[in-house]
Structures are given as C-alpha cells and as structure tokens.
Amino acid sequence: MLFQTLTVLFTLIHVACGQLENVIIDRYFIPTHCSREVQIGDYVRYQYNGTFEDGRKFDSSLDKGFPFVGQVGVESKVIPGLDKGVQGMCVNERRKITIPSHLAYGVLGAVIPPDATLVFDVLLLDLWNKEDKVQIRTLHKQQNCKRTVMPSDFVRYHYNGSLLVGNLFDSSHLQNSTYDSYVGQGSLLKGMEEGLLGMCVGERRLFIIPPFLAYDDKGYGTKVPPYATLIFDVLLVDVFNVKDDVNVEVQKIPQPCRRRAVGGDFIRYHYNGTFQDGTVFDSSYSRNSTYNTFIGMGYVIAGIDKALQGVCVGEWRRVTVPPHLAYGENGSGELIPRSAVLIFDLHIIDFHNPKDQVEIKVIYKQADCNLTSAANDLIMYRYNCSLLDGTHLYSSDDYPEPPRVTLGQGKLIAGLDEGLQGMCVLERREITVPPHLAHGTNGALGVPSNAVLLFELELLQLQKGVPEGFLFIWLKDSPEPLFPAMDMNQDQEVPLEEFSAFIKLQVAESQGRLHPGIDSDTVLRDMFSKQDRNADGKITEDELNIIVNEEEEGPKHEEL
C-alpha cells in the first residue's frame, strides 16, 4: 500500500477544497556531521515505521526485515509526501514526517482509510547517486614516496570497513593479518581497486565506495546489506610486482675499494631488517654478532645473495627484496608474513676467500737494508691489530715493552708470522690476514669468529737466529779438522772455559752464530754438556767425533 501512487488524482480532488496542507517535518535527531543531504535523483536506503495520527501502526520496514531502497523524486515508488519528506536528510538522521492525505492516499484511500493523515518515523541509512565516484581522502602520506600502486601490483594492506551509519562490518586489524591481493585482476571490489591506485607504502586513505562499485544489490554475508555504501580506512603496508628485481641503493662506499666481493667469498656483515612500513623484524646488532656466510652458494635468501655481489669492505647498502626473492608466499614462521617485501640495511665488515693469502703493504722501508727477518730470527716489534672496519682489537702499546719472539716457531698466528718475515729494522708494514691464517672460525678473546685482521707493524730489533733444534750454526765453513782448532792450548783436551772461548771467538769473527734470546753462557754450557759425553768436564777428540745412531737416540747437536 505504501507504493501506490495516486498523486494526480489526489491533487485534483483537494484543489477544489481550498488551500492544501503541506508535509510537516520534525527533525528530532540530526547527526553532528553531515557531508551530504538527500536531493531529487538520489538513491536512498532507510528504515521506517508508518502510523496513523492516533499511533496505530499500518506498515514498517522493520517488520518486513529489510529497509526501503529507491530513487527520490524520479518515478518514485512511494507516496509524494514521503518522497518530499526525506529530501534534505542526512545519513543517520531521524525524522518524524506527518503527511496530509492529499500527499498520501487521498479521499479514495487504499488499504488506508480515505482522507487519512499518515505519520512516518524514518531513519536514513544510506545515500548515493548513479553519478557518484569513489571518494578518496588522504589521511596520512609519507614524505618520501618512491613508488605507488599500479595495476598488476600485489598489495598488502590493513583496513577497517564500515557502513555509512558507522557500523563496523570487517577489520583486518581484528584478524591480526593484512589483506593480500593483486590489483587490477578482478579479485577486489571495483571501488577498492580504484582507491588503492597511486597509494604509497605507509599511506593511509579513506575510501567511500557507492554500492554499485561495492556489493551492489547482493550485499555480503549478514553484515553488509544490499545497496550499501562502504567506507574503508586503508593503510598500505606493502606493494611489489612479480617482475620486480632486487633494488640496491649504495649509501656509502669507502675509497679506495681494494676489492669487491665475488661468489665463493666468505662475508661478515651487520644488518637491520625492516618491512616497507619501517617495522623492524630482525637485526644482527641486537645479537651483537655479525651474520657470516658464503656468497653465491644459496646459504641466504636469493635477493641478499645477489645484493652481496660486488660489495666493498666498509660499504653500506640498502637492499629492497621482493617476496619472490625472499620468503615468498609462505613467509617464515611468525617473523616474516607471507608475500612480504623486505628491506635490509647492510654494513659490510669484511670478506675473504678461503684461498686468500696474507696481503702485505710496505708503508716505510730504509733504502740501505741489507739484513731482513726470517724464520728462527729473534725480533722485537710493535703492532696494532684491528678489524677491517677499524674496530681496535689489541696493541703492543698495551704492554710495558714491545714483544720479542722467534719467528717460524709457532709462537704467533700463521699470518702474522709470515707478515713479519722479510722485514728490515725500522720497516713499517700493513698486513691483512685472512681468518684461516689468523684465529679461524673460533675466534679468540675479543676477536670475532672468521674475522679478517689488519696489523700495523714496525720492526724494532733483529737478531738472526739458528734453525729449530740448534744452539749454534756456522756461517762459514768450520775449521778442518775441528778439534785441533778448538784445542787452543794443544793439550788434547778442551774444558768448558776453552770451549766457550773458542765459540765466542767464532761469533766475534762472524764465523758462527749462537741461538738468540738465550743467555750465551747457558747456551755454551748446554752445548758443552752434550759433547762431554762421559761428563768428565772435558771434551776429547774421540768424544767430538762420535757418530750417534739417529734411529736409537736421534742427533745430538751436530752444530760442531
């Protein structure tokens, strides 16, 4: 009965009776915010109760279980007074509309009695027009926006979805998960796709989507009714395209760059890992330990493996890795969500190749250098040791005096021992020692595992040495025969004093050399005791010429 329209007939009958009454409107609830009012040609959705003046109900959309939906003033399906009464309404507004009979069912009535004044209590739920577009309001936008959403992109976003009256019908926040989808492939509402285009990661927009660009006459489930305008509060979390490659932004590079990393190198680096919205998901700094791995061997995600190629020691890079080169559609546990773009800020600490040798750079060397260090020499030297990023580790300056050491005796890490050989007194060097010639995979106190070490060296003193296991060596041919030369008083026996005098003479005349670093008298007594085989306090020619069975006892000071 509400939808019967006898407007022309009613008007003709009442014109003859004099002045006509108009619709009486009581706006008894007006929302504080009204961005739009009902106009002729608009579509509306509203709930209503229809009563007579005495309060008796004759119709109600609530009893029917669905609101009225129709176009205002254009081939309207409602009585003229109701059509007129809703004009100027705001969504969420409540009106009491009193309609005289000539704007209702007139003298003829219908199911309604003739000449009945009708009262409608109306709540406006929705309002739109066929000419409406998606309304987009930017609530927040990042200042630095390098990329915006384009058709065929894959996006991840959070949203709150509500009706015009404010009822929340869905929220990704409540599900604690982003909504993930391709744009421009028909998997999203048309209005949602339109609103997402041009967004930046971190941008927040409000979309107002008219029904025909949303769920139209079908609605969605029990929470989105048919012909509902939808409001989405959207925060873009991620965007990428399946054609994307790793993006590398070099932020800082040391000069000079002596070498760039290649496949097969072992690298140590620090990193901060974030999502595109800036949320940190991992950091090597929080563990106070570098991430160590081989390059180009599949030990890290493909995007990082690729981004590490060509880095220099000390370089800073920002690397953006699309999901298909990271953890893909599955993500990684609770740490990395599915289809997430990852951003890594990398700081390269050092890298080396297992085939690397000690690298030596001479800083200063005297022109007249005739004597250089070698294995078995006793040296005194200064050193400073650091990592390649400049981190100080240890120094000879930390001790009261510089260290003394015999080279080639296994007293030093192999690379340092090698780097100290071939030096002149006062020569200064800078040597780079790969970890397999330093402290290796285990590191040392204060030295990280797999660390490349940088030593600054200065040779202060040099005493030429003797081969390991020897106390004395001849620098020139020994006297032949030896015993008569040693028996300086020709009494056929050589006591300790005479033996010591003979050896010291050879050293003084540069005929021979004693073991450095040990008191000479101690060395001489040791040498003498080994030759005085019967321990009678003197060496005879027979004792000097005894040949020892090496298989039984091994050689005994064959220096002489």
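Counting restarts for each chain, with residues numbered from 1 along the sequence as it is written. Whole-chain, interface and lining totals are the exception, using all residues; otherwise, since this is a predicted model, local features are given only for residues with pLDDT of at least 70 and side-chain atom pairs are given and counted only at 80 or more. Side-chain metrics rest on all non-hydrogen atoms present in the structure, leaving aside hydrogens and water.

1. Let's talk about the domain arrangement of the protein
In this document the domain limits rely on a domain assignment from an automatic tool or a database. Taken domain by domain, the protein holds domain 1 (24-128), domain 2 (135-240), domain 3 (247-352), domain 4 (359-463) and domain 5 (472-559). A C-alpha centroid distance of 95 Å is found between domain 1 and domain 4.

2. Digging into helix H9 (residues 496-508)
The numbering of helices and of strands both runs from the N terminus, where a helix is a DSSP run of H or I of at least 4 residues and a strand a run of E of at least 2. Given a helix with a known number of residues, its expected span is that number minus one, times 1.5 Å. The first and last C-alpha atoms of H9 sit 18 Å apart over 13 residues, in line with the 18 Å expected at 1.5 Å per residue. Using a 1.4 Å probe on the protein chains alone, a residue whose accessible area is under 20% of its type maximum counts as buried, one over 50% counts as exposed, and one in between counts as partly exposed. Residues of H9 that are buried include every one of Glu 498, Phe 499, Ser 500, Phe 502, Ile 503 and Gln 506, and no others. Contacts are assigned to residue pairs that have any heavy atoms within 4.5 Å of one another. Elements that come into contact with the buried residues of H9 comprise strand S25 (472-474), helix H8 (482-486), strand S26 (494-495), strand S27 (512-514), helix H10 (520-531) and strand S28 (538-539). Residue Ser 510 follows H9 closely and has a positive phi angle near 60°.

3. Examining the pairing of strand S5 (residues 94-99)
For a regular strand, the rule is simple: side chains alternate between the two faces of the sheet. When strand S1 (residues 24-29) meets S5, the two strands line up antiparallel, connected through 4 bridges. When the sheet's bridge partners are listed, Ile 25 is paired in S5 with Ile 97. Strand pairing is assigned whenever DSSP identifies at least 2 bridges connecting the two strands. Bridge count between S5 and strand S6 (residues 118-128): 6 bridges; the pairing is antiparallel. Bridge pairing in S6 links Ile 99 to Leu 118.

4. A word on H10
Helical geometry note: an α-helix holds 3.6 residues per turn, so side chains three or four residues apart project in the same direction. In a regular helix each residue adds 1.5 Å, so 12 residues correspond to 16 Å; H10 covers 17 Å between its end C-alpha atoms and thus fits that length. All of the buried residues in H10 are Val 523, Leu 524, Met 527, Phe 528 and Gln 531. Along the axis of H10, the buried positions cluster into a sector of 130°, meaning they face one direction only. Tucked inside the fold, the buried residues of H10 contact S25, S26, H9, S27, S28 and helix H11 (541-544). The directions from the helix axis to the C-beta atoms are what the arc is built from.

5. As for the packing of aromatic side chains
For this analysis, a ring pair means two rings from Phe, Tyr or Trp (six-membered ring only for Trp) whose centres lie within 6.5 Å, classed as stacked if their planes differ by under 30 degrees, edge-to-face if by over 60, and tilted for the remaining angles. Summed over the entire model, instances satisfying the criterion amount to 29 aromatic pairs. Note on Tyr 271 and Tyr 291: the rings are 6.3 Å apart at their centroids and 80° apart in plane angle, and the pair reads as edge-to-face. One end of the pair, Tyr 271, is in strand S14 (residues 266-275); the other, Tyr 291, is in strand S16 (residues 291-294), with 20 residues separating them in the sequence. A relative accessible area of 31% places Tyr 291 in the partly exposed class. Members of the aromatic cluster, connected to one another through ring pairs, are Tyr 46, Tyr 48, Phe 52, Phe 58, Phe 68 and Phe 120.

6. Digging into the environment of Ser 286
Positionally, Ser 286 belongs in the loop between strand S15 (280-283) and S16. Since its relative accessible area comes to 62%, Ser 286 is described here as exposed. Through-space distance from the C-alpha of Ser 286 to that of Leu 168 is 40 Å; in sequence the pair is 118 residues apart. By the criterion applied in these results, polar contacts are pairs of N or O atoms within 3.5 Å in which, for protein atoms, one can donate a hydrogen and the other can accept it, and in which residues neighboring in sequence qualify only through two side-chain atoms. Among the polar contacts listed, one links the side chain of Ser 286 to the backbone oxygen of Ser 283, at a separation of 2.6 Å.

7. Here's the deal with the pattern of salt bridges
Where charged atoms of side chains with opposite charge meet at close range, the side chains can pair. We define a salt bridge as a contact between a side-chain nitrogen of Lys or Arg and a carboxyl oxygen of Asp or Glu at a distance within 4 Å. As enumerated under the stated definition, the model contains 30 salt bridges in all. The salt bridge partner of Lys 146 is Glu 249, with a shortest N-O separation of 3.2 Å. Remark: Glu 249 occurs in strand S13 (residues 247-252) and Lys 146 occurs in the loop between strand S7 (135-140) and strand S8 (154-163); sequence separation between them is 103 residues. One salt bridge connects Glu 315 with Arg 317, and the closest N-O pair in it is separated by 2.6 Å. For the residue pair Glu 315 and Arg 317, the accessibility class agrees, reading buried in each case.

8. Description of the side chain of Asp 238
Among the structural elements, Asp 238 can be located in strand S12 (residues 230-240). We classify Asp 238 as buried; its relative accessible area is 0%. A polar contact of 2.8 Å, which involves the side chain of Asp 238, links it to the backbone nitrogen of Val 341. Not counting chain neighbours up to four residues away, the residues in contact with Asp 238 comprise Phe 154, Val 155, Arg 156, Val 201, Gln 276, Ser 339, Ala 340 and Val 341.

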